[in-house]
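Coordinate analysis (summary)
Listed below, chain by chain, are the residues.
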Amino acid sequence: MESQFPIGAPVEITSDDVGHRGALFLGKIVSPVSYDNKFEVEYETKMNETGQPLRKRVHVGLLRPPQPSETDRDFEFGDLVDAFFVGAWWEGSITKVLDDSRYVVYFRSVRSEFEIRKSNMRLHRELVKGNWVSHLQNQNVHDSEGPKQSTANMTAYVKNLLQQMQSRFQTMSDFIVMKTDEMGSGINELEESINDLSTEMAVEGSPSPVATPNPKSI
């Protein structure tokens, strides 16, 4: 692992913190791997209480090399993407294509949609046997020994593909639930408005009380 992540090597760090779970933060290796398979990393965008870049020991399983950059890629509805905002890459799914290279992206981790510019997006990829695989790719991942697909590589590829399919399905399912909740909230507000209006109309339409004349003195 030391040769894969030498000191100073840039890395993407998967967060396991509540509220940031799944986000990929940028950082670099600042110390060799320890006996428990952890590296010390320094974050680019996370700061400590003194305002200095945060340093933290992170398990090697939460580290990966930076994903290669892609230029001038157009995205489509349903694409799984990473969007860079608030200092990290967040996985999401495109739910609407807008004009001027803008997209609406739904993020399952926060169950919210945000408008993202293309310049802050990339296709979501997983590193499988040294290959950056996206949900758009249906070709096999070949090893370096030849064109024949090994059983281990095929298993890793299929596992990754199933994980991506599950993630995509869950993202769209959560999106539908969110929209259903919004619709239900809107219906409840409409019912309350109708009830309030009915009450006001009933009050305005009721006859004014007739004053009872004072009894005459005899």
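Residues numbered from 1 in each chain as written. Predicted model: local features only at pLDDT ≥ 70, side-chain atom pairs only at ≥ 80, totals over all residues. Heavy atoms only, no water.

**Some points on the overall build of the protein**
Tallying secondary structure elements over the protein gives one helix and twelve strands in all. Scored against the burial criterion, the 218 residues of the protein give a buried share of 30%. When the accessible area of the protein is evaluated, it comes to approximately 14,300 Å², of which 54% is carbon and sulfur surface. (Helix = DSSP H or I, 4+ residues; strand = E, 2+ residues; numbered from the N terminus. Buried < 20%, exposed > 50% of the residue type's maximum accessible area, 1.4 Å probe, protein only. Areas by Shrake-Rupley, 256 points an atom, 1.4 Å probe, with all protein chains shown as cover.)

**Points about the pairing of strand β7 (residues 88–97)**
It is a general feature of regular strands that their side chains alternate between the two faces of the sheet. The element β7 is largely enclosed, with a buried count of seven among its ten residues. Pairing between strand β2 (residues 24–31) and β7: two bridges, direction antiparallel. For Leu24, the partnering residue across the bridge sits in β7 and is Trp89. Hairpin connection, strand β6 (residues 80–85) to β7: the antiparallel pair is bridged by two residues, and Val86 has positive phi, about 45 degrees. Inspection of the sheet shows β7 paired to strand β8 (residues 102–107) by four bridges, in the antiparallel sense. Residue pairing across strands places Lys96 opposite Val104, the latter belonging to β8. Between β7 and β8, which pair antiparallel one after the other, the connecting turn spans four residues, and Asp100 there sits at a positive phi close to 60 degrees. (Pairing = 2+ DSSP bridges.)

**Comments concerning the confidence of the model for the protein**
For the protein, per-residue confidence averages 78 on the pLDDT scale, and residues scoring 70 or more make up 66% of the total. Note on residues 138–148: pLDDT is under 50 here. Beyond four places in sequence and across chains, it has 19 contacts. (pLDDT = per-residue confidence, 0-100. Contact = heavy atoms within 4.5 Å.)

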